[in-house]
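Summary of structural features
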Amino acid sequence: MSYKIQEIATKPFDGQKPGTSGLRKRVKVFQQEHYTENFVQAIFDSVDAKGQTIVIGGDGRYFSPETVQTILKIGSANGVAKFIVGKDAILSTPAASNVIRKYKAYGGILLTASHNPGGPNADFGIKYNVSNGGPAPENVTDKIFEKTKTISSYKLIDLPALDLSKAGSFTFGPSKVEIIDSVKDYVELLESIFDFDLIKSFLLTNADSFKVLFDGMHGVTGPYGRAIFVDTLGLPPSAVQNAVPLPDFGGGHPDPNLTYAHELVENVESRNIQFGAASDGDGDRNMIYGKGAFVTPSDSVAIIADWAEEAIPYFKSGVKGVARSMPTSKQIEYVAKKKGLNCYEVPTGWKFFGNLMDAGKLSICGEESFGTGSDHIREKDGVWAIVAWLNILAFANKKSPNKLVGITELLQQHYEVYGRSFFSRYDYEEVSSEGAQKLVDALNAHITKGTLAGTTHKSASTGQTFTVADTLNFDYTDPVDGSVSKNQGQIVTFSDGSRVVFRLSGTGSQGATVRMYVERYVAPAAGAAELATETAQGLKGLIEVALEISKLKEFLGREKPTVIT
Ligand code: VG1
Ligand code: CO
């Protein structure tokens, strides 16, 4: 087929700066003439993909099919030799990471705004991943951003759109395109990690007393969930709900937490389901929720780290190290300490874990934002975390054959050994950028002048007192390549070890979002009753004090957070 390469004149757009995880904006912004093309060309101007293989994946949200065609046309004109594309433009973020690694691709472009809503009036996103399968590090995203500021033209190959609905090998001008089954490689990967036979026999034996419900939230994971939970592990089709990926996620907010995954929570409670789980739009987040038992993500990663070596075949040869993002609770540190493992603390965003994994220093890590994963790929992995929990529960039940061990029992056992870090996050979404900046400035002023350290604050409702031990602005130096990331959040620590963190979100598409993270540790000696307290109760006093110290309500003009997780 003959083809022509066109050079199209364009002008830079403001604000094409990738955030915590790619460039995320309203669909309408991406639909402006040249907007998406500029950003895609800026990627190819920043990474030399000539003669290389590039993976294209995404969560199937609105505007994805069109953007796949744009990437094929611009990528091909820029010399990409081969594209590997998920059928119907679908590859979950973890599946894409796996495909990049498995087929030794040069990189990948993921079309997703993750847990942000989709549809013509909602969000779209583009994210570049590098050859280790992980999100591009800051030096690459900075370069892309610089290119977007000076771009004057982009290259485009003049060819008709490729049909993405049929798997197979195709020719696209000078490039080859392989359209692959979105699910197959990923299922094989999980089969190589977990003890599927053990999980299967546990589920089968306890079919009446241990019911499972997986919620795909109409994001990308429906087909993956069905392939694993129904086709491989033998659960009935009713064990999977909202499993058809929709371009607008059915109008919902595909974010697996107690607020947005309420349908799962309601079904788990009303149908007496022992193990419920959900994942987000692009499949990298997860929530574990059984009847009456919610597992915070910070606890989830700690529990996985605690059981991994014993229960999960992939980790039989040993866990190399563990890590958490800075705002994530310290629960995993208590596990690391007991096991003599290194525990790293990195800034928010999965890209910071990749270097540690590549250097062989890290096996298991997590973020409080419902992100859990390991070095099997370089993205967090929702379905992986859910199967990890099933594997651990199956194993725990093999050890205790006479009494069913469910989520509640596993949590109790864990707190009795390690104590419990009560943790919660308050999100103030779409507040004025000015107010958010004032809040941050005021905290920074306290940090520079040391005006909070040593002050004592009393909660009016609980009578607890908290004395500030230290305040700091979190900076990170990567232990592998020495790169420095500054201003990653303000931390206030108290003399009892409690902690409050303030951060501005880097994934929103409009206004500013302020996150406040609160954590309070209770040692095992406090006893079963105190360890089993409701999170909101366990943190009540500390939250009052955090709001008072930061004057958050004044600066943001908000009485209440938008979302509490
Ligand atoms: C949020 C979370 C962060 C996560 C990021 C991407 O970022 O806090 O932990 O890595 O989303 O997750 P921010 O900057 O808004 O706080 V995903 O599933 O959206 O790619
Ligand atoms: Co996500």
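Taking an unreviewed UniProt entry as the reference, the chain is identified by name as phosphoglucomutase (alpha-D-glucose-1,6-bisphosphate-dependent) belonging to Phlebiopsis gigantea. Under the UniProt heading Cofactor (unreviewed entry), the note attached to the chain is "Mg(2+)". Per UniProt, the comment on the chain under Sequence similarities (unreviewed entry) is "Belongs to the phosphohexose mutase family."

Now for the sheet that holds strand 26 (residues 499–504). With respect to topology, 7 strands assemble into an open sheet ordered 21-22-25-26-27-20-28, the strand pairing being antiparallel. Pairing within the sheet leaves two strands with one partner each, and these edge strands are strand 21 (456–458) and strand 28 (563–564). With 2 bridges connecting them, strand 20 (residues 420–431) and strand 28 associate as antiparallel partners. If you follow Asp427 over to strand 28, its bridge partner there is Val563. Most of the contacts of helix 15 (residues 433–449) go to strand 22 (residues 465–473), to which it runs at about 100°, and overall it touches strand 20, strand 22, strand 25 (490–494), strand 26 and strand 27 (512–522).

Here we come to the sheet that holds strand 13 (residues 275–279). Reading across from one edge, 12-11-13-14-15 is the order of the 5 strands in this open sheet, with mixed pairing throughout. Looking along the sheet, the strands with just one partner apiece sit at the ends: strand 12 (240–241) and strand 15 (293–295). The pairing of strand 14 (residues 286–290) with strand 15 spans 3 bridges and is antiparallel. Note on strand 15: the bridge partner recorded for Ile288 is Val295. Strand contacts of helix 9 (residues 262–270): strand 11 (212–215), strand 12, strand 13 and strand 14, with the helix running at about 20° to strand 14, the strand carrying the most contacts.

Each donor-metal-donor angle would ideally measure 109.5 degrees in four-coordinate tetrahedral geometry, or 90 or 180 degrees in six-coordinate octahedral geometry. For the cobalt ion (ligand 2), the full set of protein donor atoms is Ser114 (OG), Asp280 (OD), Asp282 (OD) and Asp284 (OD), at a range of 1.9 to 2.1 Å. In the primary structure, the donors to the cobalt ion (ligand 2) are separated according to the pattern S-x165-D-x1-D-x1-D. Separated by 170 residues along the polypeptide, Ser114 in the loop between strand 6 (107–111) and strand 7 (123–129) and Asp284 in the loop between strand 13 and strand 14 bring together distant segments of the chain. Residue Asp284 is classed as buried on the basis of its relative accessible area, which comes to 3%.

Glancing now at the packing of helix 4 (residues 93–102) against helix 6 (residues 184–193). In a pair of packed helices, the angle between the axes and the distance between the axes together describe the arrangement. Look at helix 4 against helix 6: their axes get within 9 Å of each other, and the N-to-C directions meet at 85°. When the axes of helix 4 and helix 6 are compared, the pair comes out roughly perpendicular. On the side of helix 4, the interface is formed by Pro94, Ala95, Asn98, Val99 and Lys102, while helix 6 contributes Asp185, Tyr186, Glu188 and Leu189. Among the residues forming the contact of helix 4 with helix 6, the class breakdown is 5 nonpolar, 1 polar and 3 charged.

The rules behind the values
- Residues numbered from 1 in each chain as written.
- Chains lettered and ligands numbered in written order.
- Predicted model: local features only at pLDDT ≥ 70, side-chain atom pairs only at ≥ 80, totals over all residues.
- Heavy atoms only, no water.
- UniProt positions renumbered as here; feature names shortened; annotations may be inferred.
- Pairing = 2+ DSSP bridges.
- Helix = DSSP H or I, 4+ residues; strand = E, 2+ residues; numbered from the N terminus.
- Contact = heavy atoms within 4.5 Å.
- Axes fitted to C-alpha atoms, helices over the stretch in contact; angles between N-to-C directions.
- Donors = N, O, S within 2.8 Å, 3.2 Å for Na, K, Ca; no water.
- Buried < 20%, exposed > 50% of the residue type's maximum accessible area, 1.4 Å probe, protein only.
- Parallel < 35°, antiparallel > 145°, perpendicular 65-115°, else oblique.
- Nonpolar A, V, L, I, M, F, W, Y, C, P; charged D, E, K, R; others polar.

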